[in-house]
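In case you want the letters, here they are:
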Amino acid sequence: MESIGVLMTCPMNTYLEQELDKRFKLFRFWHFPQEQTFLKEHSATIRAVVGNASIGANANLIDALPSLEIVSSFSVGLDKVDLPKCKDKRIRVTNTPDVLTEDVADLAIGLMIATLRRLCESDRYVRGGLWKKKGDFKLTSKFSGKSVGIIGLGRIGLAIAKRAEAFDCPISYYSRSPKATSKSYKYYPTVVDLASNCEILVVACALTEETRHIINREVIDALGAEGVVINIGRGPHIDEAELVSALVEGRLGGAGLDVFENEPGVPEQLFELENVVLAPHVGSGTNETRKAMADLVIGNLEAHFLNKPLLTPVV
Ligand code: 8YV
């Protein structure tokens, strides 16, 4: 397989790079600032693309690679891959489901507790010497027992629900249709209904044209001034300008955010707010999980080029 050209779109994981290097002819796209020159020279030899949540395979890249057979994404989310085009051109697509579910769900719960209990602010309080200077830290808001509304009850949504249940949180959810697996969870047919009936609203669905800005001003208003938004999905799930103004104006109680509309750009107004906890898109970012994701990416490529069934096919 050493002669098979594999194009990695951006740096994502050192172990994955090393393992791909051992097995294939790996091209690191970011090493070639003159993209067009690179493509002219090498496009015919590239049979696989490895992308991630930042840079996947858009229509332009797919069209520029006439020998492309498979896109093996180092992510569960495939919003950066042009799936209809891949289908049309019979290009296979794989992702990394399951192996990252626990980490992402853990982070969602972590963001809920950190936001309500002001963990980051209290850490700054101690480090800044304010405990000694000003005395006890202010009182915060309880997490256990708060009602949690989940947008998207797929693998990650369910894992968040299971964890939140252990904190005695009543669970409700929105998805396109009610799920048979979730009898004890209350279903709401609209996101506004869900937001009106929960205290913590979590985004855990895939990003599609239908779910872009699924959290808008109406949803934020329905959640209300005590409500908290948690986003471990994708930045564009939330109308970020509306979120920022609601937080600045006190129309929303808080937010725990792992993802943003223009990563790595984060609206600077959020930096001033103590009721907001910010993370740099690290939902799956543990050593264990990133290695498992890398192994899946490689496993899918090997299966494809050995004419075996793909491990986690999407297209
Ligand atoms: C990654 C992700 O952060 O799986 C996803 O959809 O967003 C992530 O796990 C990313 O692809 C790592 O490079």
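Please read all numbers here as calculations on a predicted model, not as lab measurements.

**Here we look at the domain arrangement of the protein chain**
Logical step 1: Here the domain parsing of the protein chain yields domain 1 (5–97 + 287–305) and domain 2 (101–278).
Logical step 2: Placing a centre on the C-alpha atoms of domain 1 and another on those of domain 2 gives a separation of 32 Å.
Logical step 3: At the boundary of domain 1 with domain 2, total buried surface from both sides reaches about 460 Å², with 48% on carbon and sulfur atoms.
Logical step 4: Contact with domain 2 buries surface across domain 1, with Asp-79, Pro-97 and Thr-289 losing the most and accounting together for 70% of the total.
Logical step 5: One can count one salt bridge joining domain 1 with domain 2.
Logical step 6: Among the salt bridges present, the one from Arg-234 reaches Asp-79, with a minimum N-O distance of 2.9 Å.
Logical step 7: Linking domain 1 to domain 2 there are two residue pairs in polar contact (both at pLDDT 80 or more).
Logical step 8: Of the residues belonging to the side of domain 1 that touches domain 2, the class tally is three nonpolar, two polar and one charged.

**Digging into the site of the ligand**
Logical step 1: Around the ligand, the structure places 13 residues, and the nearest of them are Phe-74, Val-76, Arg-234, His-281 and Ser-284.
Logical step 2: Ser-284 is positioned with one of its side-chain polar atoms (N or O) 2.7 Å from an oxygen atom of the ligand.
Logical step 3: In the model, an oxygen atom of the ligand is placed 3.4 Å from a nitrogen or oxygen of the Arg-290 side chain.
Logical step 4: About the coverage of the ligand: the protein hides 91% of its 340 Å² of free accessible area.
Logical step 5: Residue composition of the shell around the ligand, by class: six nonpolar, five polar and two charged.

**Quick word on the nonpolar core**
As a rule of thumb, soluble globular proteins bury nonpolar side chains together.
Logical step 1: Counting residues in hydrophobic clusters, the biggest one holds 50 residues, and the most contacted among them are Leu-16, Ile-160 and Leu-301.
Logical step 2: It is helix H5 (residues 101–116) that provides the largest number of residues to this core, a total of eight residues.
Logical step 3: Both domains that furnish three or more residues to this core are identified here as domain 1 (5–97 + 287–305) and domain 2 (101–278).
Logical step 4: Leave out the neighbours within four places in its chain, and Ile-160 touches Ala-105, Ala-108, Ile-109, Met-112, Ile-150, Val-202, Ala-204 and Ile-232.
Logical step 5: Ile-151, Val-244, Leu-252 and Phe-260 belong to the second largest nonpolar core, which has 28 residues in total.

**Considering the environment of Arg-92**
Logical step 1: Looking at the secondary structure, you find Arg-92 in strand E5 (residues 92–94).
Logical step 2: Expressed as a C-alpha distance, the spacing of Arg-92 and Glu-268, which sit 176 residues apart in the sequence, is 40 Å.
Logical step 3: Sequence-distant contacts of Arg-92, defined by excluding residues within four places in its chain, comprise Glu-69, Ile-70, Val-71, His-304, Leu-310, Pro-313 and Val-315.
Logical step 4: Within the local environment of Arg-92, its side chain forms a polar contact with the backbone oxygen of Val-315, the two atoms lying 2.8 Å apart.

**A short note on the pattern of salt bridges**
Logical step 1: Scanning all chains against the criterion turns up 21 salt bridges.
Logical step 2: With a closest N to O distance of 2.5 Å, Arg-124 and Glu-274 form a salt bridge. With Arg-124 in helix H6 (residues 119–127) and Glu-274 in the loop between strand E11 (254–257) and strand E12 (276–278), this residue pair connects regions lying 150 residues apart in the sequence.
Logical step 3: The exposure class of Arg-124 is partly exposed, given its relative accessible area of 43%.
Logical step 4: With a shortest N-O distance of 3.4 Å, Asp-221 and Arg-251 are connected by a salt bridge. With Asp-221 in helix H10 (residues 217–223) and Arg-251 in the loop between helix H11 (240–248) and E11, the pair connects residues that are 30 residues apart, well separated along the chain.

**Quick word on empty space enclosed by the protein**
Logical step 1: Using the criterion set out here, one finds one cavity of 30 Å³ or more in the structure.
Logical step 2: The space that makes up the largest cavity amounts to roughly 40 Å³.
Logical step 3: In terms of lining, the largest cavity is formed by Asn-231, Gly-235, Ile-238, Glu-240, Leu-243, Leu-257, Val-259 and Phe-260.

**A few points about the packing of H5 against helix H8 (residues 155–166)**
Logical step 1: Viewed as axis vectors pointing N to C, H5 and H8 meet at an angle of 50°, and their least axial separation amounts to 9 Å. When the interaxial angle is binned, H5 and H8 end up oblique. The two elements H5 and H8 meet at a crossing, and its hand is right-handed. The segment H5 lies against H8, with Thr-101, Glu-102, Val-104, Ala-105, Asp-106, Ala-108, Ile-109 and Met-112 engaging Arg-155, Ile-156, Ala-159, Ile-160, Arg-163 and Ala-164.
Logical step 2: In terms of residue class, the contact of H5 with H8 is made up of nine nonpolar, one polar and four charged.

Cut-offs and rules
Residues numbered from 1 in each chain as written. Predicted model: local features only at pLDDT ≥ 70, side-chain atom pairs only at ≥ 80, totals over all residues. Heavy atoms only, no water. Domains from an automatic or database assignment. Buried area = accessible area lost by both parts, 1.4 Å probe. Salt bridge = Lys/Arg side-chain N within 4 Å of Asp/Glu carboxyl O. Polar contact = N/O pair within 3.5 Å; in protein donor to acceptor, adjacent residues only side chain to side chain. Nonpolar A, V, L, I, M, F, W, Y, C, P; charged D, E, K, R; others polar. Near = heavy atom within 4 Å. Areas by Shrake-Rupley, 256 points an atom, 1.4 Å probe, with all protein chains shown as cover. Core = buried A, V, L, I, M, F, W, Y, C linked by side-chain atoms within 4.5 Å. Buried < 20%, exposed > 50% of the residue type's maximum accessible area, 1.4 Å probe, protein only. Helix = DSSP H or I, 4+ residues; strand = E, 2+ residues; numbered from the N terminus. Contact = heavy atoms within 4.5 Å. 1 Å grid on protein atoms, 1.4 Å probe; cavity = no way out; pocket = protein on both sides within 12 Å on 5 of 7 lines; lining within 4 Å. Points joined across faces, edges and corners; volume = space filled by probe spheres on them. Axes fitted to C-alpha atoms, helices over the stretch in contact; angles between N-to-C directions. Parallel < 35°, antiparallel > 145°, perpendicular 65-115°, else oblique. Left-handed = near helix turned anticlockwise from the far one by under 90°.

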